[in-house]
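Structural overview for review
So the chains spell out like this:
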Amino acid sequence: KQSDKLLIFLHRSISTFQGQVESKPKDLNTLLEFNKDFITTFGENGYDIIIPVAYNDYNWLDMKGELFIDTLFKIYKQNYSNIYLSGFSDDATGSFKYFYNNPNRFRGLLMFNGYPQHKNYYKGVDHKKLMDHKILFLSQKHDKVVPYEFLLIEYRRQKITNSDTYFMLFE
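Predicted, not measured: the structure shown is a model, and the values here were computed from it.

Here we take up the pairing of strand S1 (residues 5-10). A large share of S1 lies buried, amounting to five of its six residues. Of the strand pairs in this sheet, S1 and strand S2 (residues 47-50) are connected by four bridges, and their pairing is parallel. Paired with Ile8 across the strands is Ile50, a residue of S2. In terms of strand pairing, S1 meets strand S3 (residues 82-88) through six bridges, oriented parallel. Residue pairing for S3: Phe9 is matched across the bridge by Ser86.

Written out as structure tokens, the structure is:
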């Protein structure tokens, strides 16, 4: 613990660890899909960072994944008053879903290449509940799996009620 700000980053490739019956140390590059630069940036800007390793039958997009995040929040809320949730790709989608279901738990959301329209979840989102949160949507111009336009749509919906919402597009 170095600050009052905590970033919980839901790792990618969760399906890679399905079936494992114990948590084993994972290579950071694998968990972050070779996107480590933002970890350094956040660390240099005073954020503590947790990358919890989910394994066996956990998935950030289902109930067991949500219970996993619930447990993390309960553990760390005593030490941090500013908790942010984040993820990449499917795990950004999971962080989006959990964040919008539990807006009072977090100060903000960082989505990297997420898909808020997964199973039409975005239709139930009440953007007015998040008028005082920091929300950052990040994507890549040439993502062939989740085109940036999906995040751009959700960014516009949130930006209408929250001026602290941002969209960043990278090559």
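As a further point, take the pairing of S3. Of all seven residues in S3, six are buried; the element is thus mostly enclosed. The pairing of S3 with strand S4 (residues 108-112) spans five bridges and is classified as parallel. Of the residues in S4, the one forming a bridge with Phe88 is Phe112. You can see the chain leave S3, run along helix H4 (residues 90-101) and come back into S4, and the turn it takes is right-handed.

Now for the packing of helix H3 (residues 63-76) against H4. For any two helices packed against each other, one specifies the inter-axial angle together with the distance between the axes. Close contact between H3 and H4 brings their axes to 11 Å; oriented N to C, the two are set at 65°. You can see that H3 and H4 cross each other, and the crossing is right-handed. Two secondary-structure elements touch here, H3 through Glu66, Ile69 and Asp70 and H4 through Lys97, Tyr98 and Asn101. Looking at the contact of H3 with H4 residue by residue, the class counts come to two nonpolar, one polar and three charged.

What follows deals with the nonpolar core. Of all hydrophobic cores here, the largest spans 26 residues; its most connected members are Phe99 and Tyr100. Listing elements by their share of this core, those giving two or more residues are S1, H3, S3, H4, S4, strand S5 (134-140) and helix H5 (148-159). If you tally residues by element for this core, the top one is H4, at five residues. The contacts of Tyr100, once residues within four sequence positions are left out, are Leu109, Tyr121, Val125, His127, Leu130, Ile135, Phe137 and Gln158. Residues Phe9, Phe42, Tyr84 and Leu138 belong to the second largest nonpolar core, which totals 13 residues.

Attention now goes to the environment of Asp4. If you trace the backbone, Asp4 turns up in the segment before S1. For Asp4, a relative accessible area of 32% puts it in the partly exposed group. The sequence separation of Asp4 and Gly46 amounts to 42 residues, and the corresponding C-alpha distance is 8.3 Å. Aside from chain neighbours lying at most four places away, what touches Asp4 is Asn79, Tyr80, Ser81 and Asn82. Within the structure, Asp4 has its side chain in polar contact with the side chain of Ser81 (distance 2.3 Å).

To continue, consider the side chain of Asp143. Locating Asp143 in the fold gives a position in the loop between S5 and H5. Overall, the relative accessible area of 17% leaves Asp143 in the buried class. Side-chain polar atoms of Asp143 contact the backbone nitrogen of Val146, separated by 3.0 Å.

With that settled, the discussion passes to H4. Each turn of an α-helix holds 3.6 residues, which means side chains three or four residues apart point in the same direction. For H4, spanning twelve residues, the distance from its first C-alpha to its last is 17 Å, which sits close to the expected 16 Å at 1.5 Å a residue. Among the twelve residues in H4, nine count as buried, and that is most of the element. Along H4, the residues classified as buried are Asp91, Ala92, Thr93, Gly94, Ser95, Phe96, Tyr98, Phe99 and Tyr100. Where the residues of H4 are buried, they touch S1, H3, S3, S4, S5 and H5.

Scoring rules and cut-offs
- Residues numbered from 1 in each chain as written.
- Predicted model: local features only at pLDDT ≥ 70, side-chain atom pairs only at ≥ 80, totals over all residues.
- Heavy atoms only, no water.
- Buried < 20%, exposed > 50% of the residue type's maximum accessible area, 1.4 Å probe, protein only.
- Helix = DSSP H or I, 4+ residues; strand = E, 2+ residues; numbered from the N terminus.
- Pairing = 2+ DSSP bridges.
- Right-handed = clockwise from strand over helix to strand, strands pointing away.
- Axes fitted to C-alpha atoms, helices over the stretch in contact; angles between N-to-C directions.
- Left-handed = near helix turned anticlockwise from the far one by under 90°.
- Contact = heavy atoms within 4.5 Å.
- Nonpolar A, V, L, I, M, F, W, Y, C, P; charged D, E, K, R; others polar.
- Core = buried A, V, L, I, M, F, W, Y, C linked by side-chain atoms within 4.5 Å.
- Polar contact = N/O pair within 3.5 Å; in protein donor to acceptor, adjacent residues only side chain to side chain.
- Expected span 1.5 Å × (residues − 1).

By themselves these figures say nothing about function.
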